[in-house]
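Examining the three-dimensional arrangement
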Amino acid sequence: QPKQDLPDTPSTWDSGYTSVSDPTAQPDGIVSVLEKVSADFAEMESQTAAQEQSDQEAYDEDMKTSKIEMARRQEESSQKKTEQKRTLEKKASLTAARKSVASKKEATEQYLKDLQPACVDGSSTYEERKEARDGEIEALKQAQDLLQNAFE
């Protein structure tokens, strides 16, 4: 960029203030400017006060709503914690019951396994076992008769 030569003082420094040319000539004088500024300030102040009042009411309403929502969520959190505790207790109870049932099932399966050779795979047939039972029943009847006749 080419270098520009600037004067030592701007051209506006040589002229006087011309915004309000005659302070005594109303309505164009300084008094009318001050009255206009005062009126504008009063209007802005009233608008600001109204806006602040409106904003304060909105803030109060938001705070009220927030407090209600916070209380609702705290209650909901409390209920969920209670439900979680109850669920964990139920889980622990069911786990203990499952272990108990599993150990009983295992014991029953072992008992069945132990009975298998004697009851199902046994060396005697059904007929042999029936005859042996009939013999035992007959022996018990004879013992009963002996005991009844022994004290007569």
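This text goes with the structure placed above it.
In this report, we go over the structure that sits alongside the text. Owing to the predicted nature of the structure, the values given are computational and were not obtained by experimental measurement. (Residues numbered from 1 in each chain as written. Predicted model: local features only at pLDDT ≥ 70, side-chain atom pairs only at ≥ 80, totals over all residues. Heavy atoms only, no water.)

1. Remarks on the overall build of the protein chain
What the protein chain contains, in helices and strands, is two helices and zero strands. The 152 residues of the protein chain split such that 2% are buried. Accessible surface, the protein chain as shown: approximately 14,600 Å² in total, 55% of it carbon and sulfur. (Helix = DSSP H or I, 4+ residues; strand = E, 2+ residues; numbered from the N terminus. Buried < 20%, exposed > 50% of the residue type's maximum accessible area, 1.4 Å probe, protein only. Areas by Shrake-Rupley, 256 points an atom, 1.4 Å probe, with all protein chains shown as cover.)

2. A look at the pattern of salt bridges
This structure, assessed with the given rule, holds seven salt bridges. In this structure, R72 engages E69 in a salt bridge whose closest nitrogen and oxygen atoms are separated by 2.5 Å. Taken together, the positions of R72 and E69, both in helix 1 (residues 30-120) and three residues apart, correspond to about one turn of that helix. In this structure, E109 engages K105 in a salt bridge whose closest nitrogen and oxygen atoms are separated by 3.5 Å. Here E109 and its partner K105 are both found in helix 1, four residues apart, which amounts to about one turn of the helix. On the basis of relative accessibility, which here comes to 51%, the residue K105 falls in the exposed class. (Salt bridge = Lys/Arg side-chain N within 4 Å of Asp/Glu carboxyl O.)

3. Quick look at a nonpolar patch on the surface
A cluster of nonpolar side chains, I30, V31, V33, L34 and V37, forms an exposed patch at the surface whose accessible area comes to about 400 Å². Summarising the element assignment, V31 is placed in helix 1. (Patch = residues over 30% accessible without salt bridge, like charges linked within 9 Å, V, L, I, M, F, W, Y side chains within 5 Å.)

4. Digging into a negative patch on the surface
There is a patch of like negative charges on the surface, built from E57, D60, E61 and D62. You can see E57 is positioned in helix 1. (Lys, Arg positive; Asp, Glu negative; His and termini not counted. Charge placed at Lys NZ, Arg CZ, Asp CG, Glu CD.)

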